[in-house]
Amino acid sequence: MIHTRGLARSFKAKKTTVEAVKGVDIDVNEGELVAFLGPNGAGKSTTLRMLTTLLRPTRGSARVAGHDVLTDPLKVRQNIGYIGQGNSAGHAHRVLDELVSQGSFYGMPRAKARVRGTELLAALDLSDLAKRAGMTLSGGQRRRVDIALGMMHHPRLLFLDEPSTGLDPQNRANLADEIRRLRSEFGMTIFLTTHYLEEADQLAERVLIIDHGAVIASGTPSELKATLAGDRIDLGFAEADTAATAAARCEGFAGVKEVTLTGTRLNLAVGEGESTLPRLLRHLDADGITVTTANVHIPTLDDVFLALTGRTLRDEDEG
Ligand SMILES: Nc1ncnc2c1ncn2[C@@H]1O[C@H](COP(=O)(O)OP(=O)(O)OP(=O)(O)O)[C@@H](O)[C@H]1O
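Residues numbered from 1 in each chain as written. Predicted model: local features only at pLDDT ≥ 70, side-chain atom pairs only at ≥ 80, totals over all residues. Heavy atoms only, no water.

1. Here we look at the packing of helix α3 (residues 95-105) against helix α4 (residues 110-123)
Packing of α3 against α4 leaves a shortest axis separation of 8 Å and a crossing angle of 130 degrees. It follows from the interaxial angle that α3 and α4 lie oblique. In this structure, the crossing between α3 and α4 has a hand that is right-handed. Counting all contacts with α3, which are made through V95, L96, D97, L99, V100, G103 and S104, the residues of α4 involved are R110, A113, R114, G117, T118 and L121. Partitioned by chemical class, the residues of the contact of α3 with α4 number 6 nonpolar, 4 polar and 3 charged. (Axes fitted to C-alpha atoms, helices over the stretch in contact; angles between N-to-C directions. Helix = DSSP H or I, 4+ residues; strand = E, 2+ residues; numbered from the N terminus. Parallel < 35°, antiparallel > 145°, perpendicular 65-115°, else oblique. Left-handed = near helix turned anticlockwise from the far one by under 90°. Contact = heavy atoms within 4.5 Å. Nonpolar A, V, L, I, M, F, W, Y, C, P; charged D, E, K, R; others polar.)

2. Structural notes on the sheet that holds strand β11 (residues 231-236)
The 4 strands lie next to each other as β12-β13-β11-β14, forming an open sheet whose pairing is antiparallel. Single-partner strands in this sheet number two, and they are β12 (256-262) and β14 (293-297). Between one strand and the next, the sheet's axes are offset by a mean angle of 15 degrees, whatever the strand orientation. Sheet analysis places β11 next to β14, joined by 5 bridges and oriented antiparallel. In the strand pairing of β14, I233 is matched with V296. (Pairing = 2+ DSSP bridges.)

3. Examining the domain arrangement of the protein
Where interface size is given, it is often the accessible area lost as the parts come together that is meant. Partitioning the protein into domains gives domain 1 (2-220) and domain 2 (231-298). Between the C-alpha centres of domain 1 and domain 2 there is a distance of 46 Å. (Domains from an automatic or database assignment.)

4. Section: the site of the ligand
Neighbouring residues of the ligand: 14 residues in total, closest N40, G41, K44, S45 and T46. Interatomic distance of 2.9 Å between a backbone N/O atom of K44 and an oxygen atom of the ligand. Relative to its free-state accessible area of 630 Å², the ligand is covered by the protein chains to the extent of 63%. Listing elements by their share of the shell around the ligand, those giving two or more residues are β2 (16-28) and α1 (44-51). No other element matches α1, which puts 3 residues into the shell around the ligand. (Near = heavy atom within 4 Å. Polar contact = N/O pair within 3.5 Å; in protein donor to acceptor, adjacent residues only side chain to side chain. Areas by Shrake-Rupley, 256 points an atom, 1.4 Å probe, with all protein chains shown as cover.)

5. Points about helix α5 (residues 139-151)
In this model α5 runs 19 Å from its N-terminal to its C-terminal C-alpha over 13 residues, within 8% of the 18 Å that 1.5 Å per residue would give. The buried count for α5 comes to 11 of 13 residues, which makes it a mostly enclosed element. Those residues of α5 not exposed but buried are G140, R142, R143, R144, V145, D146, I147, A148, L149, G150 and M151. In the core, the buried residues of α5 are packed alongside β6 (80-83), α3, α4, β7 (157-161) and α6 (169-186). (Expected span 1.5 Å × (residues − 1). Buried < 20%, exposed > 50% of the residue type's maximum accessible area, 1.4 Å probe, protein only.)

6. Re the pattern of salt bridges
According to the stated counting rule, one finds 15 salt bridges in the structure shown. Salt-bridge contacts for R183 lead to E205; the nearest nitrogen and oxygen are separated by 2.5 Å. Of this pair, R183 sits in helix α6 while E205 sits in the loop between α7 (197-203) and β9 (206-211), placing them 22 residues apart in sequence. A relative accessible area of 35% means that E205 is categorised as partly exposed. One salt-bridge network, in which partners are shared between bridges, spans R94, D97 and R114. (Salt bridge = Lys/Arg side-chain N within 4 Å of Asp/Glu carboxyl O.)

7. Notes on the pairing of β7
For a regular strand, side chains alternate in direction, first toward one face of the sheet and then toward the other. The buried count for β7 comes to 5 of 5 residues, which makes it a mostly enclosed element. Side chains L157, F159 and D161 of β7 all project onto a buried face; the interleaved residues L158 and L160 project onto the opposite face, where all are buried too. Both β6 and β7 contribute to a ladder of 4 bridges, which runs parallel. In the sheet register, Y82 faces β7, and the bridge partner there is F159. In terms of strand pairing, β7 meets strand β8 (residues 189-194) through 5 bridges, oriented parallel. The residue of β8 that forms the bridge with D161 is T193. Each parallel crossover has a hand, and for β7 linked through α6 to β8 it is right-handed. (Right-handed = clockwise from strand over helix to strand, strands pointing away.)

Spelled out as structure tokens, the structure:
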């Protein structure tokens, strides 16, 4: 559904050149729900704008929904839906009329567009809002109307650029349900960008992580966490000496991959945290070593990002 090779885009800004996207290879199969995750400025929107034919690549190639973005941009547009950022500015038109206009834009007769619009509003639980002016809607309602707009022409592939930015957690969760439903009811392929870790983790079947214009990892959230981060155990001791003795005992213990000693604390990289911890505690206890605190840390996608880049996405996530 999406296949890019060496796709790149640079921008000339004053005397410097910004390499926003540095030659990415992306493959998304029909029916997949993929999240493109990365910090601000990583190159997500630039990639999306190239895939949706809004921006010309500097180098490389991209086939989207079966057509080449450079030689057949019109065909690409006819087969995709694009829901960009910041569509939520007020619209004076009524919601259903907006949908009908969108359908007309794609060459649908008005009567047909009205039927399609009514169907979509029902499918997205928006029928009650059909006669409301766009500008009177809440942020969450507006995003769902934006999705309906993007789906008027029956696209097989939907692009969503930061769909939940600016929404409160409740509306973000509702939108996630909606996106899952689009997948299951309409069998759509969905490619969304996000800098919300939880959203990528819970919603996407596959996550592509982008940083400084390059794709640095691709996999299911659990694959990425297992291969790139792994479980950790944190142990606390009353004295630094005890911690040092415990560190020596933990080296080479079954399931322990790495031991880091910091003062009175030990941090262990382990295969399977929840099953290793009780065995480890019994082992240390048998040697007369008293552990004062113990925690198992199951990795998040932020730990994956940290392992790959040495930086955290968490600060971005608060925004
Ligand atoms: N028109 C432009 N002129 C100059 N630089 C640009 C332009 N558009 C994007 N950039 C730069 O390209 C880089 C990637 O930007 P992009 O908007 O693709 O990032 P992003 O991952 O979508 O970030 P965000 O999460 O903030 O939307 C950034 O350094 C940005 O400043």
